[in-house]
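Descriptive analysis of the structure
Residue strings, one per chain:
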Amino acid sequence: MDRIDTMKAFTAVVQEGSFTKAADRLGLSSQLVSKYVSQLEEHLKVRLLNRTTRRVNVTEAGRAYFERCQQVLIDIEEMDNALTNLSETASGLLKVSAPMSFGIYHLPSALVQFQQQHPDVRLDITLTDKKVDLLEDGVDVALRIGQLSSSSLIAKKLTPIKLVVCASPKYLAERGEPKTPADLIHHNYLHFSYSDLGAAFGRFGEHFSALKIPSDLACNNGDMLVEAAIAGRGIVVQPTFLVSKALRSGKLKAILTEYTPEPFGLYAVYVHRKFLASKVRCFVDALSQYYGKTPYWDAIDD
């Protein structure tokens with residue numbers, strides 16, 4: 001059993017949602033793809049996929065393995081590309097989409113450094129919190145924050161994005177500081193409208209996602225919600241790259257610290273990797289090195 005071939009087959013099935021489509025993409029028979037996945041499950045001693053006559057569903061173990069498996073395959077291909085493309089020079093127009101607030105506060109210096117290293121690359125940056133269609137909009141690389149769902153796109157994790165629950169000292173003095181998740185039902189939640197309550201609080205655990213937390217303010221921009229929290233309007237759940245300065249200055253206070261949610265991730269998302277343009281590869285590698293496993297805004301706090 002070739003482990004790489006079985007990993008490629010499993011990853012393709014998850015991304016395409018079927019054995020037939022995965023086989024077409026890999027240039028193999030559906031029977032062989034099914035055999036590869038079965039061999040992988042037998043080797044791991046765990047079921048990765050639930051198969052029915054109509055659809056393929058990924059198990060919890062399969063989802064965890066898929067995320068690691070995809071990253072391993074990306075690393076292997078990047079290693080090959082690094083050797084075969086040493087003589088290639090990154091050049092041309094690179095179209096990038098990035099989240100609004102993150103792009104304003106934490107992208108400019110990374111872009112300057114990238115273009116100093118690759119002066120032949122011209123950048124066209126679009127800042128938006130909406131998910132763009134890479135093919136339809138002609139985007140080479142999209143930076144996205146969250147827990148990405150399976151898709152035919154390639155996603156490389158660049159850095160973790162920590163979340164924190166916080167409110168102003170004024171608000172907490174007036175309304176009291178919640179000590180447990182259940183206390184949140186007596187408070188006002190400032191809601192990021194591109195994310196439902198389950199996405200915001202579900203990552204804290206099941207006891208959070210089941211709560212019905214009141215909210216009288218929703219906005220599609222995290223900066224406005226942070227400012228509303230500083231003004232004493234309510235409680236926010238926002239990434240540390242937005243609230244770290246307010247936390248250090250005392251304008252906001254972190255609460256429910258014993259229930260810190262799992263981090264999201266900042267991902268570079270792009271279309272197929274076969275014949276990946278050097279400008280894309282160099283850009284993704286540069287951002288990965290720039291932000292690292294502990295991004296600078298968290299390193300300051302630590």
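Residues numbered from 1 in each chain as written. Predicted model: local features only at pLDDT ≥ 70, side-chain atom pairs only at ≥ 80, totals over all residues. Heavy atoms only, no water.

This is how the line gets drawn: UniProt positions are given in the numbering used here, feature names are shortened, and annotations may be inferred rather than shown by experiment.
Under an unreviewed UniProt entry, the name given to the chain is LysR family transcriptional regulator, and the source organism is Shewanella insulae. Its UniProt record, at the heading Sequence similarities (unreviewed entry), says of the chain: "Belongs to the LysR transcriptional regulatory family."

**Some details on the sheet that holds strand β3 (residues 92–98)**
As a reminder, the rule being used: Two strands pair under a simple rule: DSSP has to find at least two bridges between them. Under the scheme used here, helices are H or I runs from DSSP no shorter than 4 residues and strands are E runs no shorter than 2 residues, and both carry numbers assigned from the N terminus. Only the stretch in contact is used when a helix axis is fitted, and all axes are lines through C-alpha atoms; the angle between N-to-C directions ranges over 0 to 180 degrees. Whether two residues are in contact is decided by their heavy atoms: any pair within 4.5 Å suffices.
As summarised here, the arrangement of the 5 strands in space is β4-β3-β5-β12-β6, forming an open sheet in which the pairing is mixed. Each of the sheet's edge strands pairs with one partner strand only, and the pair in question is β4 (121–127) and β6 (154–161). In this sheet, adjacent strand axes meet at a mean angle of 20 degrees when their direction is disregarded. Note that strand β5 (residues 141–146) and strand β12 (residues 264–270) share 5 bridges and pair antiparallel. Within the sheet, the bridge partner assigned to Arg144 lies in β12 and is Tyr267. Against the sheet, helix α13 (residues 278–291) makes contact with β3, β4, β5, β6 and β12, and its axis sits at roughly 20 degrees relative to β6, the strand it touches most.

**Side note on the packing of helix α11 (residues 222–230) against helix α12 (residues 240–249)**
Geometry of a packed helix pair, given as the angle between the helix axes and the separation of the axes. Inclusion rule: In this scheme, roughly parallel covers angles under 35 degrees and roughly antiparallel covers those over 145, while 65 to 115 is roughly perpendicular and the rest are oblique. The handedness criterion is simple: a crossing whose near helix is rotated anticlockwise from the far helix by less than a right angle is left-handed, and one whose near helix is rotated clockwise is right-handed. Just so you know the grouping, Ala, Val, Leu, Ile, Met, Phe, Trp, Tyr, Cys and Pro go in nonpolar, Asp, Glu, Lys and Arg go in charged, and all remaining residues, Gly too, go in polar.
Direction vectors running N to C along α11 and α12 enclose 25 degrees, while the axes themselves pass 10 Å from each other. Considering their axes alone, α11 and α12 lie roughly parallel with respect to each other. For the crossing formed where α11 meets α12, the hand is right-handed. Every residue of α12 that contacts α11 at Gly222, Asp223, Val226 and Ile230 is listed here: Leu242, Val243 and Ala246. For the contact of α11 with α12, the per-class residue count stands at 5 nonpolar, 1 polar and 1 charged.

**Let's talk about the packing of helix α1 (residues 3–16) against helix α3 (residues 30–44)**
The geometry of α1 relative to α3 is characterised by a closest axis approach of 8 Å and an angle of 110 degrees between their N-to-C directions. When the axes of α1 and α3 are compared, the pair comes out roughly perpendicular. In this structure, α1 crosses over α3, and the sense of that crossing is left-handed. Contacts between α1 and α3 involve Arg3, Asp5, Thr6, Met7, Ala9, Phe10 and Val13 on the former and, on the latter, Val33, Tyr36, Val37, Gln39, Leu40 and His43. Taken together, the residues of the contact of α1 with α3 break down into 8 nonpolar, 3 polar and 2 charged.

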